[in-house]
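Residues per chain, in single letters:
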Amino acid sequence: MKPLVLTLKQEPGQRLDLAPLAPDLLEGKSVKEIAAIELQTTRETITVGDIFKIRSGGAESIRFEGGSARLDNIGADMKAGEIVIEGDCGKSLGRNMSGGNLVAMGDSGPFAGSAMSGGRLEIAGDAGGFLGAPLEGEMEGMTGGLLIVRGNAGARAGDRLRRGTIVIEGCAGDFPGSRMIAGTLIVLGECGSLPGYLMRRGTIVLASPPELAPTFVDCGAHDLAFASVFSGLLRPESRAAARLLSRPLIRFAGDMATLGKGEIFFPA
């Protein structure tokens with residue numbers, strides 16, 4: 001079945017909340033009904049038809065042609081189906097999604113994958129800060145699923161990560177994996193200062209780590225059976241991450257300033 005196609009007419013003059021444009025919410029709706037949906041904005045009332053040219057298709061697969069950093073909350077609360085964005089998008093991409101496949105072909109703003117609990121989120125470009133992290137007042141960030149960034153990510157990627165896997169194929173900013181509770185964060189490029197800052201549990205794998213905080217303890221080199229199994233699972237998604245995990249790794253335990261049951265690995 002053909003996908004439902006939403007083509008951006010022009011750069012929006014204000015930020016737009018596109019959370020209503022999820023596959024489960026649009027199922028069974030006609031083009032006319034979709035065009036009449038009001039979008040939350042910062043100023044005047046705007047409908048989907050004001051911003052997008054709509055081409056009919058099955059709502060289980062939605063394609064956005066064109067993008068903008070002012071298009072927020074694409075794929076928020078997504079439960080199933082597929083969304084592909086052929087361009088950039090704004091903040092909170094895939095926030096609170098629990099299933100389905102969400103792909104952004106351009107860059108994304110901050111808080112992509114925030115509170116994500118399942119599904120697959122891929123960002124072909126760069127991601128902003130707080131990748132998979134909670135919003136203010138929330139105790140947990142990402143709690144499940146797979147989040148892949150092909151480019152670079154900003155500061156505090158994986159902050160308060162609870163479950164799931166984040167793979168950053170480019171570089172990461174300062175404090176990657178800060179305050180981690182559990183889950184796995186893999187960074188294949190360079191990363192900023194203090195990885196694993198105040199992490200309690202969880203696993204961080206760094207291809208090129210900076211100097212670690214003194215609250216991490218060297219546990220020596222390991223050839224881990226689980227790492228090779230995990231490598232096989234990741235190979236279809238990221239061959240570079242799979243290669244990194246298949247090598248002998250040096251383990252550091254920490255952050256000893258907190259619970260100290262987390263671990264940072266990098267190549268031996």
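Everything quoted here is computed from the prediction, not taken from an experiment. (Residues numbered from 1 in each chain as written. Predicted model: local features only at pLDDT ≥ 70, side-chain atom pairs only at ≥ 80, totals over all residues. Heavy atoms only, no water.)

Draft legend 1. Quick look at the pairing of strand S14 (residues 203–208). Of the pairings in the sheet, the one linking strand S13 (residues 184–190) to S14 comprises 5 bridges and is parallel in character. Looking at the pairing, valine 187 lines up with leucine 206 of S14. Summarising the sheet, S14 and strand S17 (residues 262–267) pair through 3 bridges and their orientation is parallel. Across the sheet, isoleucine 204 pairs through a bridge with isoleucine 264, a residue of S17. (Pairing = 2+ DSSP bridges. Helix = DSSP H or I, 4+ residues; strand = E, 2+ residues; numbered from the N terminus.)

Draft legend 2. Layout of the packing of aromatic side chains. For the structure on display, the rule yields 5 aromatic pairs. Residues phenylalanine 111 and phenylalanine 130 carry aromatic rings whose centres are separated by 5.2 Å and whose planes lie at 15° to one another, so their mutual orientation is stacked. With phenylalanine 111 in the loop between strand S9 (101–104) and strand S10 (120–123) and phenylalanine 130 in the loop between S10 and strand S11 (143–149), this residue pair connects regions lying 19 residues apart in the sequence. An angle of 55° between the planes, with centres 5.5 Å apart, marks the rings of phenylalanine 175 and tyrosine 197 as tilted. In this pair, phenylalanine 175 sits in the loop between strand S12 (163–168) and S13 while tyrosine 197 sits in the loop between S13 and S14, placing the two residues 22 residues apart along the sequence. (Phe/Tyr/Trp six-rings, centres within 6.5 Å; stacked < 30°, edge-to-face > 60°.)

Draft legend 3. A look at the pattern of salt bridges. Evaluated as defined, the whole model comprises 12 salt bridges. For arginine 120, the salt bridge is made with glutamate 237, and the minimal N-O distance between the two is 3.0 Å. Note that arginine 120 is positioned in strand S10 and glutamate 237 in the loop between helix H4 (225–234) and helix H5 (239–245), a separation of 117 residues in sequence. Aspartate 159 is the partner of arginine 156 in a salt bridge, and the nearest nitrogen-oxygen pair spans 3.8 Å. Judged by its relative accessible area of 1%, aspartate 159 falls in the buried class. A single network of salt bridges, built from pairs that share partners, joins Arg120, Glu122, Arg150, Glu169 and Glu237. (Salt bridge = Lys/Arg side-chain N within 4 Å of Asp/Glu carboxyl O. Buried < 20%, exposed > 50% of the residue type's maximum accessible area, 1.4 Å probe, protein only.)

Draft legend 4. Local environment of unusual backbone geometry. Here the amide bond leading from glycine 254 into aspartate 255 is cis, since omega sits at -5°, within 30 degrees of zero. Position of aspartate 255 relative to the elements: it lies in the loop between strand S16 (249–254) and S17. Of note, serine 92 is a non-glycine position whose phi angle comes to about 60°, a positive value. Residue serine 92 is classed as buried on the basis of its relative accessible area, which comes to 6%. Phi is positive for phenylalanine 111, which is not a glycine, with a value near 65°.

Draft legend 5. Geometry of the sheet that holds strand S3 (residues 38–41). Strand order in this open sheet of 4 strands is S4-S3-S2-S7, and the pairing throughout is mixed. The sheet is open, and its two borders are formed by strand S4 (46–47) and strand S7 (71–72), each paired with just one other strand. Across 2 bridges, the pairing between strand S2 (residues 16–17) and S3 is antiparallel. Residue pairing in the sheet places leucine 16 in a bridge with threonine 41 of S3.

Draft legend 6. Main features of the side chain of arginine 160. Position of arginine 160 relative to the elements: it lies in the loop between S11 and S12. Notably, arginine 160 is buried but unbridged: the nearest opposite-charge side chain belongs to aspartate 159, and the N-O separation is 5.1 Å. (Lys, Arg positive; Asp, Glu negative; His and termini not counted.)

Draft legend 7. Summary view of the environment of glutamate 263. Inspection of the secondary structure puts glutamate 263 in strand S17. Judged by relative accessible area, which is 18%, glutamate 263 ranks as buried. Linking glutamate 263 and aspartate 24, residues 239 residues apart in sequence, is a C-alpha distance of 39 Å. In this structure glutamate 263 touches Met199, Gly202, Thr203, Ile204, Arg251, Phe252 and Gly254, once residues within four positions along its chain are discounted. (Contact = heavy atoms within 4.5 Å.)

Draft legend 8. Region of the structure containing a negative patch on the surface. On the surface, a cluster of negative charge is made up of Asp24, Glu27, Glu60 and Asp77. With respect to the helices and strands, the residue glutamate 60 is situated in strand S6 (residues 58–65). Residue classification places glutamate 60 among the partly exposed residues on the basis of a relative accessible area of 45%. (Patch = residues over 30% accessible without salt bridge, like charges linked within 9 Å, V, L, I, M, F, W, Y side chains within 5 Å. Areas by Shrake-Rupley, 256 points an atom, 1.4 Å probe, with all protein chains shown as cover. Charge placed at Lys NZ, Arg CZ, Asp CG, Glu CD.)

Draft legend 9. Seen up close, the state of the cysteines. Enumeration according to the criterion identifies 0 disulfides in this entry. Free of any disulfide, cysteine 171 has its nearest neighbouring cysteine sulfur in cysteine 191, separated by 8.8 Å. (Disulfide = S-S within 2.5 Å.)

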